[in-house]
Amino acid sequence: MKTMKIHHRQLPVIIFLLLLSCSCMARSFKTISVRNGLTDNGIESITQDSEGYMWFATNDGLNRFDGYDLDKYTLKDFGLNFDQFIYAAEDGGGNLWVKSSEGHIYLVDRHFKRLIDKPDSALASIGIPYSDSLDVFVDNVKNLWVETRQTLYHYDWSDNRLSTYSLPAGCHGVASDGIRSFLSLDDGSIIQIGSGNDLQLIQKPDMRPDRIMIDSRGRLWKYGYSSRTIRYYDNQT
């Protein structure tokens, strides 16, 4: 019987390939889909709340996942014939906000496992008036931003402070790390909120608004219809 001889110089390569093979075999994704209870495979937004639950905003309902089972929250309880959610986020006060494809804002009542279609009490408790026409954003540090009729309210949970801003157009998106704050407006412009709470224009109005986010270095990233690419802005340079 012939035996294969391995040169000592080949050993590092063989060991590397064996380790790589084991690593690839060990890393496998588990799947959550309609087959095991997800209401729809089209996912628009994912967030994790302060209790550890995962929330999936789908094209057919809001789903809560506890690691084993999925619970569904539906708009059909309000007599609506659609059930699409596009946004879910929890603020620093433990409020879980969700937005439907029609732009309506709901608050999740986790105790009774239902949606609240008029969260006026939750907003009034922090000094923000309720309106049928409002939008909600939660930033990187869980602070709450609420826009209604070109008035923007910012609630800082770290010191329970409410700030108010008058905007030249409706708010399309918010990006803030607690130090730097940027607003993408419906007219395509981008505004930075200065240290004295003044509004500084950093992009003139454009055809369509961009989506924005802020990274760990404080750089503003924008992407979407008007730019048709990804760009970033660094006010430190």
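The rules behind the values
Residues numbered from 1 in each chain as written. Predicted model: local features only at pLDDT ≥ 70, side-chain atom pairs only at ≥ 80, totals over all residues. Heavy atoms only, no water. Pairing = 2+ DSSP bridges. Helix = DSSP H or I, 4+ residues; strand = E, 2+ residues; numbered from the N terminus. Axes fitted to C-alpha atoms, helices over the stretch in contact; angles between N-to-C directions. Core = buried A, V, L, I, M, F, W, Y, C linked by side-chain atoms within 4.5 Å. Buried < 20%, exposed > 50% of the residue type's maximum accessible area, 1.4 Å probe, protein only. Contact = heavy atoms within 4.5 Å. Phe/Tyr/Trp six-rings, centres within 6.5 Å; stacked < 30°, edge-to-face > 60°. Salt bridge = Lys/Arg side-chain N within 4 Å of Asp/Glu carboxyl O.

With antiparallel pairing, four strands are arranged side by side in an open sheet as S9-S10-S11-S12. Each edge of the sheet is formed by a strand with only one pairing partner; in this case those strands are strand S9 (135-138) and strand S12 (161-166). Within the sheet, the average angular offset between the axes of one strand and its neighbour, ignoring direction, is 20 degrees. Examined bridge by bridge, strand S11 (residues 151-156) and S12 share six bridges and lie antiparallel to one another.

Residues Trp97, Leu123, Ile128, Leu134, Val136, Leu144 and Val146 are the most contacted members of the largest nonpolar core, which totals 14 residues. In this structure, valine 136 is in contact with Tyr87, Trp97, Ile105, Leu144, Trp145 and Val146, ignoring residues within four places of it in sequence.

Ring pairs (aromatic) are described by centroid distance and by the angle formed between their planes. Within this structure, the stated rule accounts for six aromatic pairs. Between tryptophan 55 and tyrosine 73, the ring centres sit 5.3 Å apart and the planes meet at 55 degrees, which makes this aromatic pair tilted. Of the two residues, tryptophan 55 sits in strand S2 (residues 54-58) while tyrosine 73 sits in strand S4 (residues 70-73), which places them 18 residues apart along the sequence. Residue tryptophan 55 is classed as buried on the basis of its relative accessible area, which comes to 0%. Note on tyrosine 73: relative accessible area 2%, which makes it buried. Both rings, one in phenylalanine 78 and one in tyrosine 106, keep their centres 5.6 Å apart while their planes meet at 35 degrees; by these two values the pair is tilted. Of this pair, phenylalanine 78 sits in the loop between S4 and strand S5 (85-90) while tyrosine 106 sits in strand S7 (residues 105-109), and the two are 28 residues apart along the sequence. Here tyrosine 106 falls in the buried class, since its relative accessible area comes to 4%.

All right, on to unusual backbone geometry then. The phi dihedral of lysine 142 is positive, around 70 degrees, even though this residue is not glycine. In this structure, lysine 142 sits in the loop between S9 and strand S10 (144-148). Relative accessible area serves as the criterion here: at 33%, lysine 142 is assigned to the partly exposed category. The residue asparagine 160 is not glycine, and still its phi comes out positive at about 50 degrees. Looking at where asparagine 160 falls in the secondary structure, it is placed in the loop between S11 and S12.

On to the pattern of salt bridges, then. Oppositely charged side chains are able to pair whenever their charged atoms sit close together. All told, the structure shown has twelve salt bridges when counted by the stated rule. The salt bridge partner of lysine 113 is aspartate 71, with a shortest N-O separation of 3.4 Å. Of this pair, lysine 113 sits in the loop between S7 and strand S8 (114-116) while aspartate 71 sits in strand S4; the two residues are 42 residues apart in sequence, bridging distant segments of the chain. Since its relative accessible area comes to 24%, aspartate 71 is described here as partly exposed. Among the ionic pairs, aspartate 83 bridges to lysine 72, the shortest N-O distance being 3.6 Å. With aspartate 83 in the loop between S4 and S5 and lysine 72 in strand S4, this residue pair connects regions lying eleven residues apart in the sequence. Since its relative accessible area comes to 4%, aspartate 83 is described here as buried. The partly exposed category is assigned to lysine 72, whose relative accessible area is 40%. Through salt bridges with shared partners, a single ionic network connects Asp49, Glu90 and Arg110.

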